[in-house]
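Working through the structure, step by step
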Amino acid sequence: MKSAGRMKISDRKDVWSEADAFLQDLELVERVQVRLGHKVKIWHLNLTGKSQKTLEMMVFKDLLKETIEVDFKLQVGK
């Protein structure tokens with residue numbers, strides 16, 4: 001029995017075209033590293049708001065978030 005307010009993803013008519021569009025959007029995402037001193041920031045460029053919302057629905061909200069790493073091996077002044 002279906003609940004009144006919720007619809008299964010598989011019940012939607014255009015689920016396959018939406019999935020295809022989502023994958024095409026993800027093809028355009030670029031991963032870049034930006035070094036700021038000992039910190040290395042990782043950004044994902046070209047990620048659309050719609051793709052971010054889709055990732056949230058799939059419970060992958062943090063998959064392509066900005067991250068910061070620290071590189072202690074960096075030798076300054078050489």
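Once a new chain begins, its residue numbering starts again from 1 and follows that chain's sequence as written. In keeping with the model being predicted, local features are shown solely for residues with a pLDDT of at least 70 and side-chain atom pairs are shown and tallied solely at 80 or more, while totals for entire chains, interfaces and linings include all residues. No hydrogens and no water enter the side-chain calculation; it runs on all heavy atoms of the structure.

**Examining the sheet that holds strand β1 (residues 30–36)**
In a beta sheet, neighbouring strands are held together by backbone hydrogen bonds and run either parallel or antiparallel to one another. On the basis of which strands lie adjacent, the open sheet formed by 3 strands has the order β1-β2-β3 and antiparallel pairing. Two strands bound the open sheet, and with one partner strand each, they are β1 and β3 (67–70). Recorded for the sheet is a direction-independent mean angle of 25° between the axes of neighbouring strands. Strands are labelled as partners when DSSP assigns at least two bridges between them. Only DSSP runs of H or I with at least four residues qualify as helices, and only runs of E with at least two residues qualify as strands; both kinds are numbered from the N terminus onward. Note: strand β2 (residues 39–45) against β3, 4 bridges, orientation antiparallel. Of the residues in β3, the one forming a bridge with Lys39 is Val70. To obtain an axis, a line is fitted to C-alpha atoms, over the contacting stretch when the element is a helix, and the angle between two such axes runs from 0 to 180 degrees between their N-to-C directions.

**Some thoughts on a nonpolar patch on the surface**
Patch construction takes residues with relative accessible area above 30% that form no salt bridge. Like charges are linked within 9 Å, and nonpolar side chains (Val, Leu, Ile, Met, Phe, Trp, Tyr) are linked within 5 Å. In this description, accessible areas are obtained by the Shrake-Rupley approach with a 1.4 Å probe, and a residue is regarded as covered only by the protein chains that are shown. By convention in these notes, a salt bridge is any Lys or Arg side-chain nitrogen within 4 Å of a carboxyl oxygen on Asp or Glu. Where nonpolar side chains cluster on the molecular surface, the patch consists of Met57, Met58, Phe60 and Leu63 and spans about 430 Å² of accessible area. Topologically, Met57 is positioned in helix α2 (residues 49–57).

**Overview of unusual backbone geometry**
Unlike most non-glycine residues, Asn46 shows phi in positive territory, near 70°. Within the secondary structure, Asn46 sits in the loop between β2 and α2. Only protein chains enter the calculation, and the probe is 1.4 Å; a residue is then buried if its accessible area is under 20% of its type maximum, exposed if over 50%, and partly exposed in between. Using a relative accessible area of 46% as the deciding quantity, one classes Asn46 as partly exposed. Unlike most non-glycine residues, Val59 shows phi in positive territory, near 65°. Structurally, the position occupied by Val59 is in the loop between α2 and β3. Classification of Val59 by relative accessible area gives exposed; the value is 69%.

**Points about the pattern of salt bridges**
A full pass over the atoms with the stated rule returns 2 salt bridges. Note that Asp71 is salt-bridged to Arg35, the shortest N-O span being 3.2 Å. In this pair, Asp71 is assigned in the segment after β3 and Arg35 in strand β1, connecting sequence segments 36 residues apart. The class for Arg35 is partly exposed, based on a relative accessible area of 45%. Close ionic contact of Lys41 with Glu66 constitutes a salt bridge, the shortest N to O distance being 3.8 Å. With Lys41 in strand β2 and Glu66 in the loop between α2 and β3, this pair connects stretches of sequence that are 25 residues apart. Judged by its relative accessible area of 21%, Lys41 falls in the partly exposed class.

**A short note on α2**
An α-helical turn contains 3.6 residues, so any two residues separated by three or four positions project in the same direction. Within the sequence span of α2, burial applies to Ser51, Thr54 and Leu55. Considered in projection along α2, the buried side chains sweep an arc of 100° and stay on one side of the axis. Turned more than 90 degrees from where α2 packs its buried face, Lys50, Lys53 and Met57 sit exposed. In the core, the buried residues of α2 are packed alongside α1 (15–27). This arc is taken over the directions from the axis of the helix to the C-beta atoms. When checking whether two residues touch, look at their non-hydrogen atoms; a contact exists if any pair is within 4.5 Å.

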